[in-house]
Amino acid sequence: MKIRTVGIFLFDDVEVLDFAGPFEVFAVTVINRFAPDEFAPFDVTTVSEHGGMITARNGLKVMTDHSFQTAPDYDILVIPGGMGTRREVHNLNVIKWIQERMEQVELMTSVCTGSFLLAEAALLDGKSATTHWASINRMRETYPSVAVQENIKFVDAGSIISSAGISAGIHMAFHVVHRLLGQEVAQGTAKDMEYDITFD
């Protein structure tokens, strides 16, 4: 079975649970848990523009695994949110990198206001998407070509999946596991994390 590479983009003032929630879901997912042929289907690493240390919201320091230059090819990319997105949305190097990665990944995902980076990269034009409840109107005003959805945990638009604020990224990550690997694996991961979730 294929191991999918998951990249989680980090930057200064990124919201901690935005990236840590999906990181945990993908990192602890296994197939045939406790069996001799137990298999981890996701290889999860972090990436920042220049590599090295970033300082997340509330002062948490994280040493990233890769820079844009050293990052491997990713099958899944997670773009989290946080106050730092208000700066990164004007970072042309970041926006260009996201655009380039969209051509390579199987799934591009966002959490919270990470969707603003996808919208700035023109990846959400004509698509449905969501973001943190407090930023719904700002997204509608800033990116009128995006069909912004509210009161929903995540929006699956095919190759792009966006999720609402902070803890909703966990729901989105479980949805990805369910979509790619099935309900049994997703439910096993949720049980391992002692997380209550139902799958459609």
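Up top is the structure.
Described below are features of the structure shown in this document. (Residues numbered from 1 in each chain as written. Predicted model: local features only at pLDDT ≥ 70, side-chain atom pairs only at ≥ 80, totals over all residues. Heavy atoms only, no water.)

Take the packing of aromatic side chains next. Scanning the entire structure with this criterion turns up 8 aromatic pairs. An angle of 65° between the planes, with centres 5.1 Å apart, marks the rings of phenylalanine 26 and phenylalanine 42 as edge-to-face. Of this pair, phenylalanine 26 sits in helix H1 (residues 16-28) while phenylalanine 42 sits in strand E2 (residues 42-47); the two residues are 16 residues apart in sequence, bridging distant segments of the chain. With respect to burial, phenylalanine 26 and phenylalanine 42 carry one shared label: buried. With centroids separated by 6.4 Å and ring planes inclined at 70°, the aromatic side chains of phenylalanine 174 and phenylalanine 199 adopt a geometry described as edge-to-face. Of this pair, phenylalanine 174 sits in helix H6 (residues 168-181) while phenylalanine 199 sits in the segment after helix H7 (183-193); the two residues are 25 residues apart in sequence, bridging distant segments of the chain. Exposure class is identical for phenylalanine 174 and phenylalanine 199. Each is buried. Taken together through their ring pairs, the aromatic side chains of Phe9, Phe11, Phe68 and Trp97 make up a single cluster. Sitting over the face of the ring of phenylalanine 116, arginine 138 holds its NZ or CZ atom 4.1 Å from the ring centroid. (Phe/Tyr/Trp six-rings, centres within 6.5 Å; stacked < 30°, edge-to-face > 60°. Helix = DSSP H or I, 4+ residues; strand = E, 2+ residues; numbered from the N terminus. Buried < 20%, exposed > 50% of the residue type's maximum accessible area, 1.4 Å probe, protein only. Lys NZ or Arg CZ within 6 Å of the ring centre and 35° of its normal.)

On to the sheet that holds E2. Two pairing modes exist for strands in a sheet, parallel and antiparallel, and in both the strands are linked by backbone hydrogen bonds. In space, the 6 strands of this open sheet follow the order E2-E1-E5-E6-E10-E9, with mixed pairing throughout. The strands lining the two open edges of the sheet, one partner per strand, are E2 and strand E9 (154-156). Pairs of neighbouring strands in the sheet enclose a mean axial angle of 15°, with direction left out of account. Sheet topology note: the strand E6 (residues 107-111)/strand E10 (residues 160-163) ladder contains 4 bridges and is parallel. The residue bridging serine 110 from the neighbouring strand is serine 162, located in E10. (Pairing = 2+ DSSP bridges. Axes fitted to C-alpha atoms, helices over the stretch in contact; angles between N-to-C directions.)

Ranked by size, the top nonpolar core spans 62 residues in total, and within it Phe9, Phe26, Phe42, Ile98 and Met108 carry the most contacts. No other element matches the 8 residues that H6 contributes to this core. (Core = buried A, V, L, I, M, F, W, Y, C linked by side-chain atoms within 4.5 Å.)

This next bit is on the environment of valine 155. With respect to the helices, strands and loops of the structure, valine 155 is situated in strand E9. Judged by its relative accessible area of 8%, valine 155 falls in the buried class. Measuring from C-alpha to C-alpha, the distance between valine 155 and arginine 4 comes to 21 Å, with 151 residues separating the pair along the chain. Not counting the four nearest positions on each side in its chain, valine 155 is found in contact with Ser128, Ala129, Thr130, Gln149, Ile160, Ile161 and Ser162. (Contact = heavy atoms within 4.5 Å.)

This paragraph deals with the environment of serine 110. By secondary structure assignment, the location of serine 110 is in strand E6. Residue serine 110 is classed as buried on the basis of its relative accessible area of 0%. When the C-alpha positions of serine 110 and phenylalanine 9 are compared, they lie 9.9 Å apart, and in sequence the two are 101 residues distant. When sequence neighbours within four positions are dropped, the list of residues in contact with serine 110 reads Ile79, Ser115, Leu118, Ile161, Ser162, Ser163 and Met172.

As a further point, take the pairing of E6. A large share of E6 lies buried, amounting to 5 of its 5 residues. The alternating pattern of E6 places Leu107, Thr109 and Val111 on one face and Met108 and Ser110 on the opposite face, and all of these are buried. The pairing of strand E5 (residues 76-79) with E6 spans 4 bridges and is classified as parallel. Of the residues in E6, the one forming a bridge with isoleucine 76 is leucine 107.

Quick look at the packing of H6 against H7 now. Between H6 and H7, whose axes approach to 7 Å, the crossing angle comes to 145°. Along its contact with H6, which presents Phe174, Val177, His178 and Leu181, the element H7 presents Gln183, Val185, Ala186, Thr189, Ala190 and Met193. Taken together, the residues of the contact of H6 with H7 break down into 7 nonpolar, 3 polar and no charged. (Nonpolar A, V, L, I, M, F, W, Y, C, P; charged D, E, K, R; others polar.)

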